[in-house]
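Residue strings, one per chain:
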Amino acid sequence: EQPRKGDIPIRLQDKIRKLPSSPGVYLMKDAIGHIIYVGKSKNLKNRVRSYFQNGKTRSRKLENLVKNAKDLDYIETDTEFEALLLENQLIKKLDPRYNKKLKNPRSYTYIAIRTGADRPGIRTAAAKKENDGSLYFGPFPNRTTVEKAIRGLKEFLRIDCTNPSSSGHPCLNYSLGLCFGICLGGEAAIRYRQILSQIALLLSAKDAAILKEMREKMKEAAARYDFETAARYRDYWISVRSLIQKEQAIRFAEKRRNIALLERLNEETCKLFLIKGNQILSAERLRLDNRGRDGLKQRIKSRIVSVFGQADASPQEMHKENVDEAEIIYQYLRKSGRPFLVVPKKWLQDHGGGKLDEGIDRLLATLRA
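Residues numbered from 1 in each chain as written. Predicted model: local features only at pLDDT ≥ 70, side-chain atom pairs only at ≥ 80, totals over all residues. Heavy atoms only, no water.

(A) Quick look at the sheet that holds strand 9 (residues 279–287). Within the open sheet, the four strands sit side by side as 9-8-7-10. Their pairing is antiparallel. Edge strands, defined here as strands with exactly one partner in the open sheet, are strand 9 and strand 10 (340–342). Direction aside, neighbouring strands of the sheet carry axes that sit 15° apart on average. In this structure, strand 7 (residues 258–264) lies alongside strand 10, joined through three bridges in antiparallel fashion. (Pairing = 2+ DSSP bridges. Helix = DSSP H or I, 4+ residues; strand = E, 2+ residues; numbered from the N terminus. Axes fitted to C-alpha atoms, helices over the stretch in contact; angles between N-to-C directions.)

Next up, the structure:
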């Protein structure tokens, strides 16, 4: 049942009414002041107010959250980007119970692929093992998604063999059409290793042929009104694509490029973020003043040279504790359309030089457009 206005505590009503229409993070509390949920929004007032409206569209879990929310706090941020990162940080620190209930359990896992003649296959792994002959991808934050993607690949490519190390004897799945004969050895075993190599290229975002073929098969199934098969292929396609996007975010962060991001806050102010890997090394407000454009440019240049010049430039392997931050940064840079600049190490020499000047000019021109 949709809560009536009178069902919401007066204190909570008052706080919702006074919320700013700006980016930030909100923390919902229960009757004894425990934080039960952490969320983020680019418009705090609209987002929080939406919880207490349109009750018919709420899930049971969300309904319980609203019912138990008796108070709230909030933290304003300058940008949605900062709200995304702060939300992630607070959820990890506070571990609110409704964040766990409203989201799938997160169990970090890797995908391990062996393509050699010795025990080839694809499997999940809790951790990387050095020098075991496997290619590792991840860590991925949701084991269920990983397992669904592997199951989809095996079914679609007919490599779900129950006895791939044997030769000469067909497995049970061979008779069911789920295995193309890997267990029989010979050319089929060679083809199996080739397919595993192709899956490795897919997860590395170097060859999307399998994903494209899966999408085509999904369309073909829908065209012949086999909606059950089409839905199954769609779910597999979504799971595999999700893994590829997460792997791209991990590899992007591991390269630890120097990235300068500018966000316009209003007509007079912008914010400069200096990012490396999965970390924001610096965040600074700057004034947008046409009369002082050279001064603004020099300030940006000075910060870039100072901050990135002192940062560790070596690539680093991404650990599961840092995957969420890496994905937030990667997806925000990819989807937001905000101007950013990748600063090669050589641009930092001699206090920047011409290439850095040109890059900052392009950054400022895009921001003012």
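(B) The pairing of strand 7, seen in detail. For strand 7, the buried fraction is high: six of the seven residues fall into the buried class. Here seven bridges tie strand 7 to strand 8 (residues 269–276), and the two strands are oriented antiparallel to one another. Directly across from Leu 262, in strand 8, lies its bridge partner Leu 272. Linking two consecutive strands that pair antiparallel, namely strand 7 and strand 8, is a turn of four residues. (Buried < 20%, exposed > 50% of the residue type's maximum accessible area, 1.4 Å probe, protein only.)

(C) Highlighting the packing of aromatic side chains. The tally for this structure, following the rule as stated, stands at nine aromatic pairs. Ring geometry for Tyr 110 versus Tyr 136: centroids 6.3 Å apart, planes at 90°, classification edge-to-face. Here Tyr 136 lies in strand 6 (residues 135–140) and Tyr 110 lies in strand 4 (residues 109–114), a separation of 26 residues in the sequence. As far as the burial class goes, Tyr 110 and Tyr 136 line up, both buried. Judged by centre distance (5.5 Å) and plane angle (90°), the rings of Phe 156 and Tyr 233 are edge-to-face. (Phe/Tyr/Trp six-rings, centres within 6.5 Å; stacked < 30°, edge-to-face > 60°.)

(D) Layout of the environment of Leu 94. Along the chain, Leu 94 turns up in helix 4 (residues 80–94). Classification of Leu 94 as partly exposed rests on a relative accessible area of 34%. Sequence spacing of Leu 94 and Gly 24 is 70 residues, and the spatial spacing of their C-alpha atoms is 17 Å. Not counting the four nearest positions on each side in its chain, Leu 94 is found in contact with Leu 27, Ile 35 and Val 38. (Contact = heavy atoms within 4.5 Å.)

(E) Looking closely at helix 11 (residues 293–310). The first and last C-alpha atoms of helix 11 sit 26 Å apart over 18 residues, in line with the 26 Å expected at 1.5 Å per residue. All of the buried residues in helix 11 are Leu 296, Lys 297, Ile 300, Lys 301, Ile 304, Val 305, Val 307 and Phe 308. (Expected span 1.5 Å × (residues − 1).)

(F) Representation of the sheet that holds strand 6. Spatial strand order, 5-4-6: three strands in an open sheet with antiparallel pairing. Because the sheet does not close on itself, it has two edges, and the strands there are strand 5 (121–125) and strand 6. Looking at each pair of strands side by side, their axes are set apart by 20° on average, direction ignored. The sheet contact formed by strand 4 and strand 5 spans five bridges and is antiparallel. Looking at the pairing, Ile 113 lines up with Ile 122 of strand 5. Along the sheet, helix 8 (residues 187–203) contacts strand 4, strand 5 and strand 6; its crossing angle with strand 4, the most-contacted strand, is approximately 140°.

(G) Spatial organisation of the packing of helix 8 against helix 9 (residues 209–223). Direction vectors running N to C along helix 8 and helix 9 enclose 95°, while the axes themselves pass 8 Å from each other. Put simply, helix 8 runs roughly perpendicular to helix 9. Listed contacts from helix 9 to Gln 198, Ile 199 and Leu 202 of helix 8 are Ala 209, Ile 210 and Leu 211. Of the residues belonging to the contact of helix 8 with helix 9, the class tally is five nonpolar, one polar and no charged. (Parallel < 35°, antiparallel > 145°, perpendicular 65-115°, else oblique. Nonpolar A, V, L, I, M, F, W, Y, C, P; charged D, E, K, R; others polar.)

(H) Just the pairing of strand 1 (residues 24–29), in detail. Counting buried residues along strand 1, six of its six residues qualify, which places the element largely inside the surrounding structure. Alternating positions in strand 1 separate into two faces, Gly 24, Tyr 26 and Met 28 on one and Val 25, Leu 27 and Lys 29 on the other, with burial throughout. Sheet topology places strand 1 next to strand 2 (residues 35–41); six bridges connect them, and they run antiparallel. Paired with Tyr 26 across the bridge in strand 2 is Gly 39. Between the end of strand 1 and the start of strand 2, which pair antiparallel, lie five residues, with Gly 33 showing a positive phi angle near 90°. Relative to strand 3 (residues 71–76), strand 1 runs antiparallel, the two sharing six bridges. Paired with Met 28 across the two strands is Leu 72, which belongs to strand 3.

(I) Up close: the confidence of the model for the protein chain. The share of residues in the protein chain with pLDDT of 70 or more is 92%, and the mean pLDDT across the chain is 87. Element-level mean pLDDT values for the protein chain span from 74 in helix 5 (residues 97–102) up to 96 in strand 1. In the model, residues 1–5 has pLDDT below 50 throughout and makes 10 contacts with residues more than four positions away in sequence or in other chains. (pLDDT = per-residue confidence, 0-100.)

(J) Quick look at the pattern of salt bridges. A complete count under the given rule lists 25 salt bridges for this structure. Note that Asp 78 and Lys 271 form a salt bridge whose closest N and O atoms lie 2.7 Å from each other. With Asp 78 in the loop between strand 3 and helix 4 and Lys 271 in strand 8, the pair connects residues that are 193 residues apart, well separated along the chain. Residue classification places Lys 271 among the buried positions, given a relative accessible area of 7%. Its salt-bridge partner being Asp 78, residue Arg 285 comes within 2.4 Å of it at the nearest N-O pair. Separated by 207 residues along the polypeptide, Arg 285 in strand 9 and Asp 78 in the loop between strand 3 and helix 4 bring together distant segments of the chain. For Arg 285, a relative accessible area of 53% corresponds to the exposed category. Here Asp 78 falls in the partly exposed class, since its relative accessible area comes to 25%. Put simply, Arg 11, Lys 15, Lys 29, Asp 71 and Asp 73 are held in one network by salt bridges that share partners. (Salt bridge = Lys/Arg side-chain N within 4 Å of Asp/Glu carboxyl O.)

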